[in-house]
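Residues per chain are reported as follows:
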Amino acid sequence: MKHNFVLAQVIFCALVLFGCKKENGLENPVIPVDPNADLLKVIWSKKGVHSAFTDLMQFENQFYCAFREGSSHTSYDGIFRILISPDGLSWNTIGTVSVPYLDLRDPKFFVDNEGKLSLAGFARDTLDKKYNFVWKLNKTGIGKPHSVGITDYWLWRYTKFKNINYSIGYLYKKGGSQKPKLVLFFSSDSGFLRYEVKGADIFNKGCPSEASLVINEDSVAYVCLRDDCANGAYFGKSKYPFAKWDWTKLQYPVRGPNMVLLPNGNLILAAGSMKNYYKSYLTEFDPRNLTFKSFEELPSGGDTGYPGLVLRDSVLWVSYYTQTNDQMQIVIKRKKIVM
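Quick notes on the rules
Residues numbered from 1 in each chain as written. Predicted model: local features only at pLDDT ≥ 70, side-chain atom pairs only at ≥ 80, totals over all residues. Heavy atoms only, no water. Buried < 20%, exposed > 50% of the residue type's maximum accessible area, 1.4 Å probe, protein only. Helix = DSSP H or I, 4+ residues; strand = E, 2+ residues; numbered from the N terminus. Pairing = 2+ DSSP bridges. Axes fitted to C-alpha atoms, helices over the stretch in contact; angles between N-to-C directions. Salt bridge = Lys/Arg side-chain N within 4 Å of Asp/Glu carboxyl O. Core = buried A, V, L, I, M, F, W, Y, C linked by side-chain atoms within 4.5 Å. Contact = heavy atoms within 4.5 Å. Phe/Tyr/Trp six-rings, centres within 6.5 Å; stacked < 30°, edge-to-face > 60°.

(A) View of the pairing of strand β10 (residues 130–136). Burial analysis of β10 places six of its seven residues in the buried class, the great majority of the element. In the sheet, strand β9 (residues 117–124) pairs with β10 via seven bridges, with the strands oriented antiparallel. The residue bridging F122 from the neighbouring strand is N132, located in β10. Hairpin geometry of β9 and β10 is characterised by an intervening segment of five residues between the two adjacent antiparallel strands and by a positive phi of about 65° at D128. In terms of strand pairing, β10 meets strand β11 (residues 146–147) through two bridges, oriented antiparallel. For F133, the partnering residue across the bridge sits in β11 and is S147.

(B) Structural detail: the sheet that holds strand β19 (residues 246–249). One open sheet holds the four strands; their spatial order is β16-β17-β18-β19, and the pairing between them is antiparallel. Sheet topology places β16 (208–215) and β19 at the edges, where each strand pairs with a single neighbour. The mean inter-strand angle of the sheet, taken between neighbouring strand axes irrespective of direction, is 20°. Here strand β18 (residues 232–239) pairs with β19 via four bridges, running antiparallel. Paired with Y234 across the two strands is K249, which belongs to β19.

(C) A look at the pattern of salt bridges. In total, this model carries 16 salt bridges according to the counting rule given. Linking D55 and R157 is a salt bridge whose minimum nitrogen-to-oxygen distance equals 3.2 Å. Of this pair, D55 sits in strand β4 (residues 50–59) while R157 is found in strand β12 (residues 153–161), placing the two residues 102 residues apart along the sequence. We classify D55 as buried; its relative accessible area is 3%. Its relative accessible area of 9% is what places R157 among the buried residues.

(D) Region of the structure containing the nonpolar core. In this structure, Y166, L213, W245 and W247 are the most contacted members of the largest nonpolar core, which totals 43 residues. Residue contributions to this core peak at four residues, all from strand β13 (residues 164–171). Contact partners of L213, with chain neighbours within four places excluded, come to T159, Y166, I168, L184, A221, Y222, V223 and W245. If you look at the next biggest cluster of nonpolar residues, it comprises 19 residues, including F59, L104, W135 and L137.

(E) Highlighting the packing of aromatic side chains. Counted under the stated rule, the structure contains 31 aromatic pairs. For the pair F63 and W317, a centre-to-centre distance of 4.7 Å together with 50° between the ring planes defines the contact as tilted. Here the residue F63 occupies a position in strand β5 (residues 62–70), and W317 occupies one in strand β25 (residues 315–324), the gap between them amounting to 254 residues. The pair formed by F63 and W317 is uniform in burial state, with each residue classed as buried. Ring centres of Y166 and F242 lie 5.6 Å apart, and the angle between their planes is 90°; on these two criteria the pair is classed as edge-to-face. Of the two residues, Y166 sits in strand β13 while F242 sits in the loop between β18 and β19, which places them 76 residues apart along the sequence.

(F) Highlighting the sheet that holds strand β3 (residues 39–44). The antiparallel open sheet is built from four strands, whose spatial order is β3-β26-β25-β24. Sheet topology places β3 and β24 (305–312) at the edges, where each strand pairs with a single neighbour. Mean inter-strand twist for the sheet, computed between neighbouring axes without regard to direction, equals 25°. Both β25 and strand β26 (residues 327–336) contribute to a ladder of ten bridges, which runs antiparallel.

(G) Unusual backbone geometry, seen in detail. A cis geometry characterises the amide bond from Y240 onward to P241, with omega recorded as 15°. Among the secondary structure elements, P241 is positioned in the loop between β18 and β19. Unlike most non-glycine residues, D152 shows phi in positive territory, near 75°. Within the fold, D152 resides in the loop between β11 and β12. Given the relative accessible area of 22%, D152 is considered partly exposed.

(H) The arrangement of the pairing of β16 in detail. Most of β16 sits inside the fold, with eight of its eight residues counted as buried. Bridge analysis of β16 against strand β17 (residues 220–227) gives six bridges, and the strand direction is antiparallel. Bridged to L213 within β17 is V223. What sits between the antiparallel neighbours β16 and β17 is a turn of four residues, in which S219 has the positive phi angle 65°.

(I) Spotlight on the environment of G191. On the secondary structure map, G191 appears in the loop between β14 (182–187) and β15 (196–199). Judged by relative accessible area, which is 5%, G191 ranks as buried. As a C-alpha pair, G191 and N113 span 78 residues in sequence and 6.1 Å in three-dimensional space. Contacts of G191, omitting those with residues within four sequence positions, involve D112, E114 and K136.

Dropping the structure here:
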């Protein structure tokens, strides 16, 4: 019996060392030796703080993850926290950014034409006056906020094509406004600090909001768009110069959509609330025949979604947030992609 007890202890220790353990409700495996093997890891969780709305970037051999911190999902006290990692596994805070009396929301990374890593974000005050800001950052610090000169519209994600940065902005708090609901903005400014209208009213029905935009090598733009009115989503296509758009209603709704192009022409589309409102999802989507080729439910629950995506050398990195027992968590997933 004594030998069996010792053997059981050895087996238990081996399972702990080489198996998976539960951390804050998520399975966090021990980091595998293979740097391309799949893994899931909680990289940030702070008690009593609503950490959400992530974005992810790899720049000069470093990973950057940004997200909002506030007292709740809809509170008016948001700030941005930016983390850095050499390998996507161990993370440290570069710093936080805030603007006095403003609520910061939805941080998004991009690289400007001067080769500088930039962080964009939307801001509002308690009277719902709107602002869009850009910060420049590096490994050691974050610069001062610069206004991009766009009000009323929420510039939600940024995409560079032929040295022009594009962003789809939606009209925030539309009410009885006669302004276009959805506008394509662009910036030829080398630092991407000012934006102008490229295409007005590109989607004029429903309640368009968060949109992910990618542009392929054939100069075709793809957009995954959330529609708040119908709790639905639309997929849009347009050929350069992006004046005419074709829209198709998708089978599933989305919250906080994000997309990256695959070499086969398909898209990785990640979002919250597609099949279940309280789950986040990772899919492969064919934009030519508008079909979902695969569907993966990410370990998630409660308030969740708003993924960041990085695809490098057949390895996909995903950041997202989830809620477990009223505790918010920022999660990184690494997944090998078969091209």
